[in-house]
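Survey of secondary and tertiary structure
Below, each chain spelled out in residue letters.
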Amino acid sequence: MNAQLKVVSESYYAHQKVYPREVDGRFAHLRVLSVWALLGIFYLLPWLPWGGRQAVLFDLPARKFFIFGIVFWPQDFIFLTWLLVIAALLLFFVTAVWGRLWCGYACPQTVWTETFLWLEKFAEGDRSARQKLDRAPLSARKLARKSLKQFLWVSFALWTGFTFVGFFTPIRTLSAEFLAFNVGPWETFWVLFYGFATYGNAGYLREQVCKYMCPYARFQSAMFDRDTLVITYDTERGDPRGARKRGTDPRAQGKGDCIDCTLCVQVCPTGIDIRKGLQIECIACAACIDVCDDVMDKMGSPRGLIRYTTQQALEHKPSRLLRPRSLIYGALLTTLVVGFCAAVYMRNPVALDVIRDRNALYQVRDDGHVDNVYTIRILNKSEHAQRFALNAHGASALTLLPRMAEYSVPSGEVYSIPVRVRRATYEPLGAETITFELGSLDDANVHVTTRARFLAPTR
Ligand code: SF4
Ligand code: SF4
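Residues numbered from 1 in each chain as written. Chains lettered and ligands numbered in written order. Predicted model: local features only at pLDDT ≥ 70, side-chain atom pairs only at ≥ 80, totals over all residues. Heavy atoms only, no water.

Structural notes on the overall build of the protein chain
Across its full length, the protein chain holds 16 helices and 16 strands. Its C-alpha radius of gyration of 32 Å places the protein chain more than 25% over the 23 Å reference for a compact globule of 459 residues. C-alpha extents for the protein chain along the principal axes are approximately 110 × 60 × 55 Å. Contacts in the protein chain between residues far apart in sequence, at least 24 positions, make up 68% of those at least 6 positions apart. Accessible surface, the protein chain: about 25700 Å² in total, of which carbon and sulfur atoms supply 64%. Put simply, the protein chain has 54 plus and 41 minus side-chain charges, and the middle of one group is 5 Å from the middle of the other. (Helix = DSSP H or I, 4+ residues; strand = E, 2+ residues; numbered from the N terminus. Rg over C-alpha atoms; globule rule 2.2 N^0.38 Å. Contact = heavy atoms within 4.5 Å. Areas by Shrake-Rupley, 256 points an atom, 1.4 Å probe, with all protein chains shown as cover. Lys, Arg positive; Asp, Glu negative; His and termini not counted. Charge placed at Lys NZ, Arg CZ, Asp CG, Glu CD.)

Some details on the packing of aromatic side chains
Taken as a whole and assessed by the stated rule, the structure comprises 33 aromatic pairs. Ring plane angle 25 degrees and centroid distance 6.2 Å describe the contact between Trp36 and Trp118, whose orientation is recorded as stacked. Of this pair, Trp36 sits in helix α2 (residues 26–44) while Trp118 sits in helix α5 (residues 108–124), and the two are 82 residues apart along the sequence. Taken together, a centroid distance of 4.9 Å and an interplanar angle of 85 degrees make the contact between Phe42 and Tyr43 edge-to-face. (Phe/Tyr/Trp six-rings, centres within 6.5 Å; stacked < 30°, edge-to-face > 60°.)

Quick word on the sheet that holds strand β13 (residues 406–409)
Strand order in the open sheet formed by four strands is β13-β11-β15-β16, and the pairing between neighbours is antiparallel. This sheet does not close on itself; its edge strands, each paired only once, are β13 and β16 (447–454). Averaged over all pairs of adjacent strands, the angle between strand axes in this sheet comes to 30 degrees, irrespective of strand direction. Bridge count between strand β11 (residues 386–393) and β13: four bridges; the pairing is antiparallel. Considered in β13, the bridge of Ala389 is made with Glu406. (Pairing = 2+ DSSP bridges. Axes fitted to C-alpha atoms, helices over the stretch in contact; angles between N-to-C directions.)

Things to note about unusual backbone geometry
Pro240 follows Asp239 through a cis peptide bond whose omega is -5 degrees. Relative to the helices and strands, Pro240 resides in the loop between α12 (235–238) and α13 (263–266). Geometrically, the link from Leu401 to Pro402 is a cis peptide bond, its omega value of 0 degrees lying close to zero. Along the chain, Pro402 falls in the loop between β12 (398–401) and β13. At Arg63, a position not held by glycine, the phi torsion is positive, near 55 degrees. Positionally, Arg63 belongs in the loop between β3 (56–59) and β4 (64–67). Taking the relative accessible area as the measure of exposure, Arg63 reaches 57% and is therefore exposed. A positive phi angle, close to 60 degrees, is found at Asp260, a residue other than glycine. If you trace the backbone, Asp260 turns up in the loop between α12 and α13. On the accessibility criterion, Asp260 (38% relative accessible area) is partly exposed. (Buried < 20%, exposed > 50% of the residue type's maximum accessible area, 1.4 Å probe, protein only.)

Details of the sheet that holds β3
Strands pair in a sheet through their backbones, by hydrogen bonds, and they do so in one of two ways: parallel or antiparallel. Spatially, three strands are ordered β3-β4-β5 in an open sheet, and the strand pairing comes out antiparallel. Only two strands of the sheet have a single neighbouring strand rather than two, namely β3 and β5 (70–72). Adjacent strand axes in the sheet meet at a mean angle of 15 degrees when their direction is disregarded. Sheet topology places β3 next to β4; four bridges connect them, and they run antiparallel. Residue pairing across strands places Asp59 opposite Lys64, the latter belonging to β4.

Quick notes on the site of ligand 2
Near ligand 2 there are 13 residues, and of these Cys268, Cys282, Cys285, Ala286 and Cys288 occur at the shortest range. Class assignment for the residues of the shell around ligand 2 results in twelve nonpolar, one polar and no charged. (Near = heavy atom within 4 Å. Nonpolar A, V, L, I, M, F, W, Y, C, P; charged D, E, K, R; others polar.)

What about the site of ligand 1?
Near ligand 1 you find Tyr233, Cys258, Ile259, Asp260, Cys261, Thr262, Cys264, Arg275, Cys292, Met296, Leu305 and Ile306, and these make up its full shell. Classifying every residue of the shell around ligand 1 by side-chain character gives nine nonpolar, one polar and two charged.

Some remarks on the environment of Asp24
With respect to the secondary-structure elements, Asp24 resides in the loop between α1 (2–11) and α2. The spacing of Asp24 and Leu148 is 124 residues in sequence and 25 Å in space, taken between C-alpha atoms. Within the local environment of Asp24, its side chain forms a polar contact with the side chain of His29, the two groups lying 2.8 Å apart. (Polar contact = N/O pair within 3.5 Å; in protein donor to acceptor, adjacent residues only side chain to side chain.)

Keep in mind these numbers describe shape, not what the thing actually does.
Now the structure itself:
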């Protein structure tokens, strides 16, 4: 019983704050570059004008998404679904080939945590200064440093929340409202909500989001195989570990290359020891590679004791980039991306739906003519009102009633009209497939057709 309790209590040990040591190196530079690029896109994109309006704006009240001159309507939801499938498949492909590249360089949690760490370092100093400050009793200096950090964090988090809302409400209008203290309750709520989420996740939760909350960390191992690029400590080369003098041969002392300096643990933002093998907590940030390369340089040993490699390579077998998994993901991804681009390019700014009248299959008139009744729905997805003309034709002679009608449909509106298609002469032809043709009278390029069944007696 006591042993059980001990196991349970050890499973729920108190969280230990991680103080990652700063690191310099090739991969750190790459991450800084990636953080700047992604933050730049996020904070500047809503300010970018395009054709007289915001380049990217998800206007929910108007139910329109503006993306670089293209307007998407709720009826274009299929494109959003398509895009999500592409994003998921891209993640699968990248993970299968390059491991957790997304986590280390592009995940918002990594990007914002890195930025909050920069602000923390600016206010409180480097790793040892931060540890010392946390251990020190409350003093004017400690209060000043902590207050400065909180001020920077809160300001940055609020700016993030404001920018996020700026993707849904025109950001220039939003800033004017903020300056005039006249912001709507929903905008205020979302700025605070998103700001608070950023503050909490990047300021306090940090590596715990990756360890305990992120679903991707849970299932990414299912996408790994023996040829996937992972960050690994080379046990064969590094063990047995132990201190030695600079420039001496470790083999002559019965040791491996690892001098057991623990710097790879100190720089790790999730606080793990990569020398224990591949772990779910590793976000593949490559900080341990940079610091270990630095140590190897100083010790006069070759770099790469911790490196990007594959399980195959570690076992001295050749690694394959082209393998069934990467080929299948790659082929699917290419097909979906090409299909998506083609579909967006050929997207029609007008949609035409034809719905048959369910109450009567057909009507045979006294003069022998046969009528079918339909409801026509015209959706004008363009940005201006348009006049449309409708036509119907098939194998037999057909007349559309009302004749020569012209329908004016405002931008973004759906226009429903009942129409009657008359087979002009009675012949026992039975049913046939007919085509409705809708053309814009204002734009000769706008033209759409839809097929429907025309029912009639056979004799
Ligand atoms: S940084 Fe390199 S040498 Fe130092 S403990 Fe880690 S693996 Fe060993
Ligand atoms: S083990 Fe290395 S690559 Fe993994 S999270 Fe820690 S420092 Fe980053």
